[in-house]
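Tertiary structure, described
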Amino acid sequence: MDPTITTIEDLRRIAKRRVPRMFYDYADSGSWTEGTYRANEADFAAIQFRQRVAVDMTDRSLATTMAGQRVAMPVALAPTGMTGMQHADGEILAARAAEAAGVPFTLSTMSICSIEDVAEAVSSPFWFQLYFMRDRAFNDRLIDRAAAAGCSALVLTLDLQILGQRHKDIRNGLSAPPRLTPSTVIDLLTKPRWCLGMARTQRRTFRNIVGHVEGVGDTRSISAWTSQQFDPRLDWDDVARIRDRWKGPLILKGILDAEDAEKAVATGAESLIVSNHGGRQLDGAPSSIAILPEIVESVGSRIEVLMDGGIRSGQDVLKAIALGAKGVFIGRPFLYGLGAGGEAGVARCLEIIRKELDMTMALCGHRNLLDVDRSILRPPHG
Ligand SMILES: Cc1cc2nc3c(=O)[nH]c(=O)nc-3n(C[C@H](O)[C@H](O)[C@H](O)COP(=O)(O)O)c2cc1C
């Protein structure tokens, strides 16, 4: 890859040129006014570090654990739907890049490549994200398939019982594969690299679902399928049942309130993710980084607290760690990398973040990420 690509923003700009508009927009959008989407990034920018000097900076380490598993740095790839539409075989490529970087990859229920597709392509275990469906037998089968594929953690998403409205997806007629209308055809003509990749793969629809759910042969439209199949009745008893069925580490995703964090602890889950789904669900909710400290304070000694939303650099990762997160997930940064350059683009994304995290830690006066705490930040956060 071009060595002058040095920021996540560089990757985003390239992805915007290479990825068909409906899929680029699908990634780069939040619900309604996108206020929460913007706040996720803006609130990180407001946090400042304390610059420290004359401290030995040799032999630095970013290694830690997430959900009880060793990671080269505390950054997992977040579950994202339709990743195989940002780039052909996107989930496989991202999982390979994550494996090479020593960080977890999380496969979404709404992925293009299936659990089995990804399992075949990597040798270390990945994580699986579950959306809770009306069809309980299908949920059970997904959990069993993830276990059979050797997935080493289950991420249960709690903040999408109904789908937040993203205006651009409606305007663009988002579907996988894209419906060929005059405007999509014109757009695709300007994205030859993407089209070539898609022509070479068979993986063009929701392969965790198609062929695995009775009566569902076509899941082109994520919103139509979501409104029919996602179960709006999901409650804490259902979470407890999933806890019973899944024998490995369980990570509850989408906690943004201290009362819900208490309920998450009561389920016996190993970890929770402070998340507002990247600003894609409840617009008007606070940013994840603004809520992180109060969740850490209320339950941090009883459950592992992870977070996602708005991370665009290794500096943001360090801020989240300083405020008590054990690790973070990134969504759009790796999708931009994927759209910009496939596996090499995701690898570049992770390398950019690793380098920024490492250098910032050093300049804050630390050599080991496990020693980082709030004291590296300036008040009001320090
Ligand atoms: C395009 C896209 C698709 C997503 N699909 C899913 C999904 O299928 N399941 C899920 O739990 N979260 C999904 N999310 C939310 C991410 O897991 C994560 O919470 C969010 O992207 C973090 O914010 P960031 O993109 O600012 O890093 C999606 C996010 C994006 C951007």
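Refer to the structure printed above.
The structure contained in this document is the topic of the report that follows. All figures in this text were calculated on a predicted structure; none of them were measured in a lab.

The rules we used
- Residues numbered from 1 in each chain as written.
- Predicted model: local features only at pLDDT ≥ 70, side-chain atom pairs only at ≥ 80, totals over all residues.
- Core = buried A, V, L, I, M, F, W, Y, C linked by C-beta atoms within 7 Å.
- Buried ≥ 20, exposed ≤ 12 C-beta atoms within 10 Å, placed from the backbone.
- Helix = DSSP H or I, 4+ residues; strand = E, 2+ residues; numbered from the N terminus.
- Contact = placed C-beta atoms within 7 Å.
- Pairing = 2+ DSSP bridges.
- Axes fitted to C-alpha atoms, helices over the stretch in contact; angles between N-to-C directions.
- Parallel < 35°, antiparallel > 145°, perpendicular 65-115°, else oblique.
- Left-handed = near helix turned anticlockwise from the far one by under 90°.
- Nonpolar A, V, L, I, M, F, W, Y, C, P; charged D, E, K, R; others polar.
- Arc of directions from axis to C-beta.
- Near = placed C-beta within 6 Å.
- Expected span 1.5 Å × (residues − 1).
- Right-handed = clockwise from strand over helix to strand, strands pointing away.

What to know about the nonpolar core
Counting 112 residues, the largest nonpolar core has Leu154, Leu252 and Leu272 as its most contacted members. In terms of residue count, helix H15 (residues 332-363) provides more of this core than any other element does, 13 residues in total. Dropping the residues within four chain positions of it, Leu154 is found in contact with Phe128, Leu130, Ile143, Ala146, Trp246, Gly248, Leu250 and Ile251.

Some details on the sheet that holds strand E7 (residues 250-255)
Strand order in the open sheet formed by eight strands is E3-E10-E9-E8-E7-E6-E5-E4, with parallel pairing between adjacent strands. The sheet terminates laterally at strand E3 (75-77) and strand E4 (106-107), the two strands that pair on one side only. Of the pairings in the sheet, the one linking E3 to strand E10 (residues 327-330) comprises three bridges and is parallel in character. Bridge pairing in E10 links Ala76 to Phe329. Packed on one face of the sheet, helix H13 (residues 288-299) meets E7, strand E8 (271-274) and strand E9 (304-308) and runs near 175° to E9.

Digging into the packing of helix H1 (residues 8-18) against H15
The geometry of H1 relative to H15 is characterised by a closest axis approach of 10 Å and an angle of 165° between their N-to-C directions. When the axes of H1 and H15 are compared, the pair comes out roughly antiparallel. For the pair H1 and H15, the crossing hand works out as right-handed. Between H1 and H15, the residues in contact are Ile8, Leu11, Arg12, Ile14, Ala15 and Arg18 and Pro333, Tyr336, Gly337, Gly339, Ala340, Gly345, Arg348, Cys349 and Ile352, respectively. Taken together, the residues of the contact of H1 with H15 sort by class into nine nonpolar, three polar and three charged.

A look at helix H3 (residues 35-45)
For H3, the set of buried residues is Thr36, Tyr37, Ala39, Asn40, Asp43 and Phe44. For H3, the angular spread of buried residues about the axis comes to 165°, placing them on one side.

Section: the environment of Ile255
Tracing the backbone through its elements, the reader meets Ile255 in strand E7. Classification of Ile255 as buried rests on a count of 29 C-beta atoms within 10 Å. Linking Ile255 and Asn276, residues 21 residues apart in sequence, is a C-alpha distance of 7.5 Å. If sequence neighbours within four positions are ignored, Ile255 has contacts with Asp260, Ala261, Ala264, Leu272, Ile273, Val274 and Ile295.

Notes on the site of the ligand
If you check the shell around the ligand, you find 24 residues, and the closest are Ala78, Gly81, Ser108, Gly278 and Gly331. Going through the elements one at a time, helix H2 (21-27) and E10 are the ones with two or more residues in the shell around the ligand. Taken together, the residues of the shell around the ligand break down into eight nonpolar, 12 polar and four charged.

Brief notes about helix H6 (residues 136-148)
For an α-helix, 3.6 residues make a turn, and residues three or four places apart therefore share a direction. Spanning 13 residues, H6 covers 18 Å between terminal C-alpha atoms, matching the ideal 18 Å at 1.5 Å per step. Buried-residue contacts for H6 involve helix H5 (115-121), strand E5 (127-130) and strand E6 (153-157). Phi turns positive, to about 85°, at Gly150, one or two residues after H6.

Here we look at the pairing of E10
Residues Gly327 and Phe329 line one face of E10 and the alternating positions Val328 and Ile330 line the opposite face, and both faces are buried. Examined bridge by bridge, E9 and E10 share three bridges and lie parallel to one another. When the bridges of E10 are listed, Leu306 appears paired with Gly327. The parallel pair E9 and E10 is bridged by helix H14 (residues 314-322), and the resulting crossover is right-handed.

So, the packing of helix H12 (residues 258-266) against H13
Following both chains from N to C, one finds H12 and H13 inclined at 40°, their axes separated by 9 Å at the closest point. With respect to their mutual orientation, H12 and H13 come out oblique. Crossing geometry of H12 relative to H13 is assigned as right-handed. Residue-level contacts link Ala258, Ala261, Glu262 and Val265 of H12 to Glu294, Ile295, Ser298 and Val299 of H13. Partitioned by chemical class, the residues of the contact of H12 with H13 number five nonpolar, one polar and two charged.

Let's talk about unusual backbone geometry
Each neighbour pair has its own omega, and for Ala176 with Pro177 the value is -5°, a cis peptide bond. Within the fold, Pro177 resides in the loop between helix H7 (167-172) and helix H8 (182-189). Cis geometry marks the peptide bond from Pro379 to Pro380; its omega dihedral reads 10°. The topology assignment puts Pro380 in the segment after H15. The backbone of Trp32 sits at a positive phi, close to 40°, despite the residue not being glycine.

Any link to function would need more than the numbers given here.
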